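Chains, contacts and geometry: an overview
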Amino acid sequence: GIQVEQSPPDLILQEGANSTLRCNFSDSVNNLQWFHQNPWGQLINLFYIPSGTKQNGRLSATTVATERYSLLYISSSQTTDSGVYFCAVLYSGTYKYIFGTGTRLKVLA
Amino acid sequence: GAGVSQSPRYKVAKRGQDVALRCDPISGHVSLFWYQQALGQGPEFLTYFQNEAQLDKSGLPSDRFFAERPEGSVSTLKIQRTQQEDSAVYLCASSLARTAGGRGYNEQFFGPGTRLTVL
């Protein structure tokens, strides 16, 4: 079946550390997005990245569509980076976005 | 407003009551999605509209759930005879373009959600 798996499920970092979050998907995709869900529940758009590499400040993302994975890099983490990170994919030929299981990140001061 | 808005932000219902949740998408956005997010889980797709047409409702968990977008803008998710298992956050998202069938520009933008608690 259609799957979107994220790893690691939980991550604790010291402020200033770097991290890599991974999203694996099981079929070809039209769209892929990374979100940060803050402690108040708001989903914040990080990247719209069905393929290629993008950077925004301390964050960057790479999607290798042919190998069916995407990576989110967080550098010099801050306490405000804490929350849950989701990837969401839209498989080709469908309308249904599938969210991954999420990575819960906690950054300690 | 500039973003997706949802109302009410919080709703408490007694089991068996009907509820209606509203979503105001970003102006001009063609596509509109509803999701259900249970505590500790990722959002799960409920239904999708392209303008006023409901093109996918495969995620609606039962026939007690009904969604509409009659004029292709505001959408309402209605839950009849609420049950305790309906307690969740209901999220709405919109995007500018169409989704299936191509790689058009269709980044989703989410509203703040409605937290529904059924007692």
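Below is a summary of the structure that appears in this document. (Residues numbered from 1 in each chain as written. Chains lettered and ligands numbered in written order. Predicted model: local features only at pLDDT ≥ 70, side-chain atom pairs only at ≥ 80, totals over all residues. Heavy atoms only, no water.)

**What about the interface of chain B and chain A?**
Facing the 27 residues of chain B at the interface are 22 residues of chain A. Both faces combined, the contact of chain B with chain A buries some 2000 Å², and carbon together with sulfur accounts for 52% of it. At the surface where chain B touches chain A, the tally comes to zero salt bridges. Joining chain B to chain A, the criterion identifies nine residue pairs in polar contact (both at pLDDT 80 or more). Mapped onto the side of chain B that touches chain A, the elements with two or more residues apiece are β4 (31-37), β5 (44-50), β6 (53-56) and β10 (109-110) of chain B. The leading source of residues in the side of chain B that touches chain A is β4(B), at three residues. For the side of chain B that touches chain A, a count of residues per class yields 12 nonpolar, 12 polar and three charged. (Contact = heavy atoms within 4.5 Å. Buried area = accessible area lost by both parts, 1.4 Å probe. Salt bridge = Lys/Arg side-chain N within 4 Å of Asp/Glu carboxyl O. Polar contact = N/O pair within 3.5 Å; in protein donor to acceptor, adjacent residues only side chain to side chain. Helix = DSSP H or I, 4+ residues; strand = E, 2+ residues; numbered from the N terminus. Nonpolar A, V, L, I, M, F, W, Y, C, P; charged D, E, K, R; others polar.)

**Quick notes on the sheet that holds strand β3 (residues 19-25) of chain A**
Residues and elements named next belong to chain A. Reading across from one edge, β1-β3-β8-β7-β6 is the order of the five strands in this open sheet, with antiparallel pairing throughout. If you trace the sheet from one side to the other, it starts and ends with β1 (4-7) and β6 (52-56), each paired once. On average, each strand axis in the sheet is tilted by 15° relative to the strand beside it, whichever way the strands run. Sheet topology places strand β7 (residues 59-64) next to strand β8 (residues 69-74); six bridges connect them, and they run antiparallel. (Pairing = 2+ DSSP bridges. Axes fitted to C-alpha atoms, helices over the stretch in contact; angles between N-to-C directions.)

**Here we look at the state of the cysteines**
Scanning the model with the defined rule gives two disulfides over all chains in all. At a sulfur-sulfur separation of 2.0 Å, the disulfide partner of C23(A) is C87(A). Its S-S torsion of approximately 75° makes the covalent link between C23(A) and C87(A) right-handed. Highlighted residues: C23(A) in strand β3 and C87(A) in strand β9 (residues 83-91), separated in sequence by 64 residues. The class for C23(A) is buried, based on a relative accessible area of 0%. Note that C23(B) is cross-linked by a disulfide to C92(B), the S-S spacing being 1.8 Å. (Disulfide = S-S within 2.5 Å. Buried < 20%, exposed > 50% of the residue type's maximum accessible area, 1.4 Å probe, protein only.)

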